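These are the residues of each chain, in order.
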Amino acid sequence: MITRREVILGAAACGAASLATTRRTQAAAPSLLETLSDGHLVLPVAFLLPKATPDDLRAVGLELETNTGSLAPDCNVTLHRSDGRLVLFDAGSGSNFLPTAGKLPDSLAAAGIDLADVTDVVFTHAHPDHIWGVLDDFDELLFPQARYHISEAEWEYWISEAALSDLPEERHSFVAGARKRFAAIEERVVRFRSGDEVLPGIEAVSAAGHTPGHTAFVVHGEEAAMIVGDAISNDPVSFVRPDLHWGADQDPDKGAATRGALLDRLAGDRLRFVGFHLPAGGIGRVERSANTYRFVAEA
Ligand SMILES: [Zn+2]
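Residues numbered from 1 in each chain as written. Predicted model: local features only at pLDDT ≥ 70, side-chain atom pairs only at ≥ 80, totals over all residues. Heavy atoms only, no water.

Engineer: Kindly report on the coordination of the zinc ion, identifying the contributing residues and their values.
Structural biologist: Under ideal tetrahedral coordination, the four donors around a metal are separated by 109.5 degrees; under ideal octahedral coordination, the six donors are separated by 90 or 180 degrees. Distances from the zinc ion to its protein donors, His125 (NE2), His127 (ND1), His210 (NE2) and Asp230 (OD), fall within 2.1 to 2.3 Å. Coordination at the zinc ion is irregular: its 4 donor atoms span angles of 88 to 170 degrees at the metal. All donors of the zinc ion belong to a single chain; written as a sequence motif, their spacing is H-x1-H-x82-H-x19-D. One end of the pair, His125, is in the loop between β6 (120–122) and α6 (128–131); the other, Asp230, is in the loop between β12 (225–229) and α10 (237–240), and 105 residues separate them in sequence. Exposure remark for His125: the relative accessible area of 0% places this residue in the buried category. For Asp230, a relative accessible area of 3% gives the class buried. (Donors = N, O, S within 2.8 Å, 3.2 Å for Na, K, Ca; no water. Tetrahedral: all angles 85-135°; square planar, octahedral: opposite > 155°, others 65-115°. Helix = DSSP H or I, 4+ residues; strand = E, 2+ residues; numbered from the N terminus. Buried < 20%, exposed > 50% of the residue type's maximum accessible area, 1.4 Å probe, protein only.)

Engineer: Go over the sheet that holds strand β14 (residues 283–289) with me, naming the residues and quoting the values.
Structural biologist: Taken together, the 7 strands give an open sheet; going across it, the order is β9-β10-β11-β12-β13-β14-β15, and neighbouring strands pair in mixed fashion. At either margin of the open sheet sits one strand with a lone partner, and together these are β9 (197–199) and β15 (292–297). Averaged over all pairs of adjacent strands, the angle between strand axes in this sheet comes to 35 degrees, irrespective of strand direction. Of the strands in this sheet, β10 (202–206), β11 (215–219), β12, β13 (273–275), β14 and β15 are in contact with helix α11 (residues 252–269), which crosses β14 at around 95 degrees. (Pairing = 2+ DSSP bridges. Axes fitted to C-alpha atoms, helices over the stretch in contact; angles between N-to-C directions. Contact = heavy atoms within 4.5 Å.)

Engineer: With reference to specific residues and values, describe the nonpolar core.
Structural biologist: Val121, Phe123, Val134, Phe143, Tyr148, Trp158 and Ile185 are the most contacted members of the largest nonpolar core, which totals 39 residues. Those elements giving two or more residues to this core turn out to be β4 (74–82), β5 (85–89), α5 (104–110), β7 (147–151), α7 (152–158) and α9 (172–185). For this core, the leading source of residues is α9, giving 5 residues. Not counting the four nearest positions on each side in its chain, Tyr148 is found in contact with Val121, Phe123, Val134, Leu141, Phe143, Ile185, Arg188, Val189 and Val190. Met226, Leu262, Phe273 and Val286 belong to the second largest nonpolar core, which has 19 residues in total. (Core = buried A, V, L, I, M, F, W, Y, C linked by side-chain atoms within 4.5 Å.)

Engineer: A description of the sheet that holds β6 should follow, citing residues and the corresponding values.
Structural biologist: Strands in a sheet are paired, the pairing made by backbone hydrogen bonds, and the direction either parallel or antiparallel. Spatial strand order, β1-β4-β5-β6-β7-β8: 6 strands in an open sheet with mixed pairing. Looking at strand neighbours, the two that pair on one side only are β1 (33–40) and β8 (189–192), the edges of this open sheet. Here the strands of the sheet are splayed against their neighbours by 25 degrees on average, with no regard to which way each runs. Here 5 bridges tie β4 to β5, and the two strands are oriented antiparallel to one another. Residue Thr78 lies in a different strand from β5, and its bridge partner there is Phe89.

Engineer: Describe the packing of aromatic side chains, naming the residues involved and giving the relevant values.
Structural biologist: Per the counting criterion, the structure on display carries 10 aromatic pairs. Aromatic pair Tyr157 and Trp158: ring centres 5.1 Å apart, planes at 80 degrees, arrangement edge-to-face. Neither Tyr157 nor Trp158 differs from the other in exposure class; each is buried. Ring plane angle 75 degrees and centroid distance 5.7 Å describe the contact between Phe192 and Phe217, whose orientation is recorded as edge-to-face. Of this pair, Phe192 sits in strand β8 while Phe217 is found in strand β11, placing the two residues 25 residues apart along the sequence. Classification of Phe192 by relative accessible area gives buried; the value is 4%. A relative accessible area of 0% means that Phe217 is categorised as buried. In this structure an aromatic cluster arises from ring pairing among Phe89, Phe192 and Phe217. (Phe/Tyr/Trp six-rings, centres within 6.5 Å; stacked < 30°, edge-to-face > 60°.)

Engineer: So what's going on with α11? Residues and values would help.
Structural biologist: Here α11 is 18 residues long and its end C-alpha atoms lie 25 Å apart, about the 26 Å a rise of 1.5 Å per residue gives. Buried residues of α11: Gly255, Ala256, Thr258, Arg259, Leu262, Leu263, Leu266 and Ala267, and no others. End-on view of α11: buried residues confined to an arc of 165 degrees, all on one side of the axis. Looking at α11, the residues exposed on the side facing more than 90 degrees away from the buried face are Asp253, Ala257, Gly268 and Asp269. Those residues of α11 hidden inside the fold are in contact with β12, α10, β13, β14 and β15. Positioned one or two residues after α11, Arg270 has a phi angle of 50 degrees, which is positive. (Expected span 1.5 Å × (residues − 1). Arc of directions from axis to C-beta.)

So far we have only geometry, and geometry alone does not tell us how the molecule works.
Shown next, in the form of structure tokens:
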């Protein structure tokens, strides 16, 4: 079946193909792991740090006594190449969430990557900025050949009644949005549990708290790294005060405990990692600094 998307995109295919070939020829050997931008979000500080005092905010470098400012976190989708696979960790926002986000298709095109070459999409969780991007403007799958991977706990949560009763009414669109994407990927989805090898060399690690089934992934082998999703989501707040309640975490106590454990592991193992909302592409390492932590972004 030829989809509406293919008809429209087909018209531009010849020019795009020659451009992509040129880019590939000129580029150095591709990194096994890199990030592509999906744009950024704009979120009020009062939402992200609902319990922070003016002293807390000063301690993390936010001089916002009135707590009325906003932050503009980047959205970094991780791309991993191995053994003939092209794996994306999360799919971005698509065009229906925020006007500042949903740029992943542009970033993929600029990198010369054909949407049909993406073999797998692995989700950290099902918030809009991570899963809504699986559908294009015509509500068709953006990655037509991909298999989709999500934790059993995350899938079960978003289809449960608890999702609606847990979340305030203004976030009920998150539930409807997740369910719509789940329906679209249902025939191509693989559900995993923490500890499973999701794909060869990619291990699922429970990182619940941000959402009930939120998952981090350890990519083993050359260029080993951990994909932490939204478990460590702000520089400097997540590093300087990992204990602070983060408003985007659906269970803030559990989110803080998970963040503390991940930071301890990443600093102890000197393991490279990727944060979906961290600056400068989101790839870096954690350093211990006195009683706290510091994000060292890769150049
Ligand atoms: Zn999230």
